[in-house]
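Structural description and commentary
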Amino acid sequence: MKVLAGMVFQGLRHLRIYGRYGRGGRRRPLWRPRSSGEGFTLVELIIAVAVGLVVIGAAYMLFTVQNKQLGNQEVIAEMQQNARAAMDIVTREIRMAGYNPHKTAPLTRCTGTTTTAATCVGIKNAGANTISFTADLNGNGDLTAGTANPNENIIYDRYLNSGVYSLGREANGTKYPLIANLDSLGFVYRDATGAVTSTLEDIYEIDVTIRTIAAKMDPSYPANGGYRTYTLTSKVNPRNLAY
């Protein structure tokens, strides 16, 4: 503070502020430059403190704004990263739906609009907000849920986990959250002509939409109650359903 005061008053060394008239008709100065051995006057200290407070206040405001922006960027980055990671995993697994290296019994192609057949390979439930499918990844001709056939019976959906909507992945009856803060999950099923279909054996392409939502509210964001969202859409061709 002493250094700051010295800088402020270097320009006042030759300044004189005059008040009432003194003896001899001359005005006497209210303030005059001090000698090198004198300390700061009360007026000088008050002005120095005021200038210091202005500088500190400006620095604090700048820090607050920058810190807020940094926090918002971290929330946005997490939201986008969750959406990309989920889309990568979901589309990669859907692409393997119907994998049956032998293409023979006992496994058969799933048919109808939904099925629970134990030996059905392919899309088993083509829901608007959920999808279930099977794939004989180890090629043993068996889709029975268990440790012998890991990741061969998959279900994706949106569910409430510990008060937070999440993307659920169920494998062989065991469910866990893939990502948190999932705002919506959607699937559209199309046949070879591009028309929307609900018939399992006609599914040729699947549109997958994943929308994540920010974990924290941003008061400066005007839409959606202050919660930002991020949407990804991808088209998947389960190549193993072509046979």
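Located above this text is the structure these notes cover.
Residues numbered from 1 in each chain as written. Predicted model: local features only at pLDDT ≥ 70, side-chain atom pairs only at ≥ 80, totals over all residues. Heavy atoms only, no water.

Moving on: the sheet that holds strand S7 (residues 164–171). In space, the 6 strands of this open sheet follow the order S3-S4-S5-S6-S7-S8, with mixed pairing throughout. Only two strands of the sheet have a single partner each, and these edge strands are strand S3 (108–109) and strand S8 (174–180). Those strands touched by helix H2 (residues 42–95) are strand S5 (131–134), strand S6 (153–161), S7 and S8, and its axis lies near 140 degrees from that of S8. (Pairing = 2+ DSSP bridges. Helix = DSSP H or I, 4+ residues; strand = E, 2+ residues; numbered from the N terminus. Contact = heavy atoms within 4.5 Å. Axes fitted to C-alpha atoms, helices over the stretch in contact; angles between N-to-C directions.)

So, about the environment of Thr-212. Positionally, Thr-212 belongs in strand S10 (residues 205–213). For Thr-212 and Gln-80, which are 132 residues apart along the polypeptide, the C-alpha to C-alpha distance reads 7.4 Å. With residues up to four places along the chain from it excluded, the contact list for Thr-212 reads Met-79, Asn-82, Ala-83, Ile-179, Asn-181, Asp-183, Arg-228, Thr-229 and Tyr-230. Engagement of the side chain of Thr-212 in a polar contact is seen with the backbone oxygen of Met-79, the distance being 3.0 Å. (Polar contact = N/O pair within 3.5 Å; in protein donor to acceptor, adjacent residues only side chain to side chain.)

With that settled, the discussion passes to the pattern of salt bridges. Oppositely charged side chains can pair when the atoms bearing their charge come close. Within the structure shown, the criterion is met by 8 salt bridges. Between Asp-88 and Arg-92 there is a salt bridge; the shortest N-O distance is 2.7 Å. Taken together, the residues span about one helical turn, with Asp-88 and Arg-92 both in helix H2 at a distance of 4 residues. With a relative accessible area of 42%, Asp-88 lands in the partly exposed category. Residue Lys-235 pairs with Glu-205 through a salt bridge whose shortest N-O separation is 3.9 Å. Highlighted residues: Lys-235 in strand S11 (residues 229–236) and Glu-205 in strand S10, separated in sequence by 30 residues. (Salt bridge = Lys/Arg side-chain N within 4 Å of Asp/Glu carboxyl O. Buried < 20%, exposed > 50% of the residue type's maximum accessible area, 1.4 Å probe, protein only.)

Below, the discussion takes up the sheet that holds S11. By definition, the strands of a sheet pair up through backbone hydrogen bonds, in either a parallel or an antiparallel sense. The sheet built from 3 strands is open, its strands ordered S9-S10-S11 with antiparallel pairing. Across the chains shown, the open sheet's two edge strands, defined by having one partner strand only, are strand S9 (182–190) and S11. Going across the sheet, the axis of each strand differs from the next one's by a mean of 10 degrees, ignoring polarity. Here 8 bridges tie S9 to S10, and the two strands are oriented antiparallel to one another. Bridging from a neighbouring strand, Gly-186 pairs with Thr-209 of S10. On top of the sheet, H2 reaches S9, S10 and S11; it is set at about 20 degrees to S11, its chief contact.

Tracing the chain through its elements places Val-121 in strand S4 (residues 120–126). Judged by its relative accessible area of 0%, Val-121 is buried. Sequence spacing of Val-121 and Phe-133 is 12 residues, and the spatial spacing of their C-alpha atoms is 7.2 Å.

Leftover empty space is mapped by rolling, across the atoms, a probe with the size of a water molecule. When its volume is computed, the second largest pocket comes out at roughly 180 Å³. For the second largest pocket, the lining is made up of 14 residues, of which Gly-71, Asn-72, Val-75, Lys-216 and Met-217 are closest to its centre. (1 Å grid on protein atoms, 1.4 Å probe; cavity = no way out; pocket = protein on both sides within 12 Å on 5 of 7 lines; lining within 4 Å. Points joined across faces, edges and corners; volume = space filled by probe spheres on them.)

Let's shift gears to empty space enclosed by the protein. With the rule as written, the count across this model stands at 2 cavities of 30 Å³ or more. Taken as a whole, the largest cavity encloses approximately 50 Å³ of empty space. Every residue along the wall of the largest cavity is listed here: Val-75, Glu-78, Met-79, Asn-82, Ala-180, Asn-181, Thr-212, Ile-213, Ala-214 and Ala-215. At the level of elements, H2 and S10 are the ones that each hand at least two residues to the lining of the largest cavity. Per-element tally for the lining of the largest cavity: the top contributor is H2, with 4 residues. Each residue belonging to the lining of the largest cavity can be placed in one class, and the counts come to 6 nonpolar, 3 polar and 1 charged. (Nonpolar A, V, L, I, M, F, W, Y, C, P; charged D, E, K, R; others polar.)

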